[in-house]
Amino acid sequence: MSSPAESDLLARTVDLATANVAAGGGPFGAIVATADGRLVEGVNLVSAMHDPTAHAEVQAIRAACAELEAVELPGAVLFASCEPCPMCLATALWARIDRVVFAAGRGDAARAGFDDAAFYEYFERPGRHALLPTEQFRHAEAVAPFEAWRAHEGRTAY
């Protein structure tokens, strides 16, 4: 961690997570500190929204993108109360976030009943996966959407 201000932001994510538990949510909080200095918060709303993607980090990234009217957040830092799961890390990658800083680790989450080990292993193991088998079936028109995208002059690149 490079500054006391960052330590304060990390402490704020822990406070958000703890308050979210009291409000009936999951024990996770996150803040996106944008390149222009905005602080955008998110908490875990998985149960409240009946949405398995409503993790605190994803919520904060969605809110920051909406506030900035952008799909990328270069120069931003994601602060999280706990080590982000693979989905949240992938979201941070897609958002082009510069850095992720977290407080508790995946082991801490596992001891509380949030064990993402199978998901981490899924991405760490080469080859076919029993957890979620995937396969490609090359349909004759598989690339048609991409051809339409490249040909569409009014597209918004991201």
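All values reported here derive from a predicted model rather than from experimental measurement.

### Some words on the overall build of the chain
When helices and strands are counted, the chain shows 7 helices and 4 strands. Secondary structure of the chain in N-to-C order comes out as α-β-β-α-α-β-α-β-α-α-α. By its C-alpha atoms, the chain is 55 × 40 × 30 Å across when sized along the principal axes. Counting across all 158 residues of the chain, residues that qualify as buried make up 32%.

### Regarding the nonpolar core
For soluble globular proteins, nonpolar side chains are generally found buried alongside one another. The biggest cluster of nonpolar side chains holds 17 residues, and the ones touching the most others in it are Val 32, Ile 61, Leu 73, Leu 78 and Ile 97. Broken down by secondary-structure element, the contributors of at least two residues to this core are strand 1 (29-33), helix 3 (56-68) and strand 3 (77-82). Filtering out sequence-adjacent residues up to four positions away, Ile 97 remains in contact with Ile 61, Leu 73, Ala 76, Val 77, Leu 78 and Ala 92. Grouped together as the second largest cluster of nonpolar side chains are 8 residues, Leu 9, Leu 10, Val 77 and Val 101 included.

### Topic: the sheet that holds strand 4 (residues 99-104)
Ordered in space as 2-1-3-4, the 4 strands form an open sheet in which the pairing is mixed. Strands at the two margins of the open sheet, each flanked by one partner only, are strand 2 (39-43) and strand 4. Across the sheet, the mean angle separating the axes of adjacent strands is 15° when strand polarity is ignored. Sheet topology note: the strand 3/strand 4 ladder contains 5 bridges and is parallel. Opposite Leu 78, over in strand 4, you have Val 100 as the bridge partner. Each of strand 1, strand 2 and strand 3 touches helix 3; the most contacted strand, strand 2, lies at about 145° to it.

### Looking at the state of the cysteines
Going through the model one piece at a time under the given rule, you end up with 0 disulfides. As a non-bridged cysteine, Cys 65 has Cys 88 as the owner of its nearest cysteine sulfur, 13 Å distant. Cysteine Cys 85 shares no disulfide, and the gap to the nearest cysteine sulfur, in Cys 88, comes to 3.7 Å.

### Some points on the packing of aromatic side chains
If you walk through the whole model with that rule in mind, you get 2 aromatic pairs. Taken together, a centroid distance of 5.0 Å and an interplanar angle of 90° make the contact between Phe 28 and Phe 114 edge-to-face. Taken as a pair, Phe 28 in the loop between helix 1 (4-22) and strand 1 and Phe 114 in the loop between helix 5 (106-111) and helix 6 (117-124) lie far apart in primary sequence, 86 residues in all. According to the relative accessible area criterion, Phe 114 is partly exposed, its value standing at 33%. Seen from the ring of Tyr 120, Arg 106 lies directly overhead, with NZ or CZ sitting 3.6 Å from the centre.

### What about the environment of Tyr 120?
Structurally, Tyr 120 can be placed in helix 6. Given the relative accessible area of 6%, Tyr 120 is considered buried. Along the backbone, Tyr 120 and Pro 86 are 34 residues apart, and their C-alpha atoms lie at a distance of 6.3 Å.

Cut-offs applied
Residues numbered from 1 in each chain as written. Predicted model: local features only at pLDDT ≥ 70, side-chain atom pairs only at ≥ 80, totals over all residues. Heavy atoms only, no water. Helix = DSSP H or I, 4+ residues; strand = E, 2+ residues; numbered from the N terminus. Buried < 20%, exposed > 50% of the residue type's maximum accessible area, 1.4 Å probe, protein only. Core = buried A, V, L, I, M, F, W, Y, C linked by side-chain atoms within 4.5 Å. Contact = heavy atoms within 4.5 Å. Pairing = 2+ DSSP bridges. Axes fitted to C-alpha atoms, helices over the stretch in contact; angles between N-to-C directions. Disulfide = S-S within 2.5 Å. Phe/Tyr/Trp six-rings, centres within 6.5 Å; stacked < 30°, edge-to-face > 60°. Lys NZ or Arg CZ within 6 Å of the ring centre and 35° of its normal.

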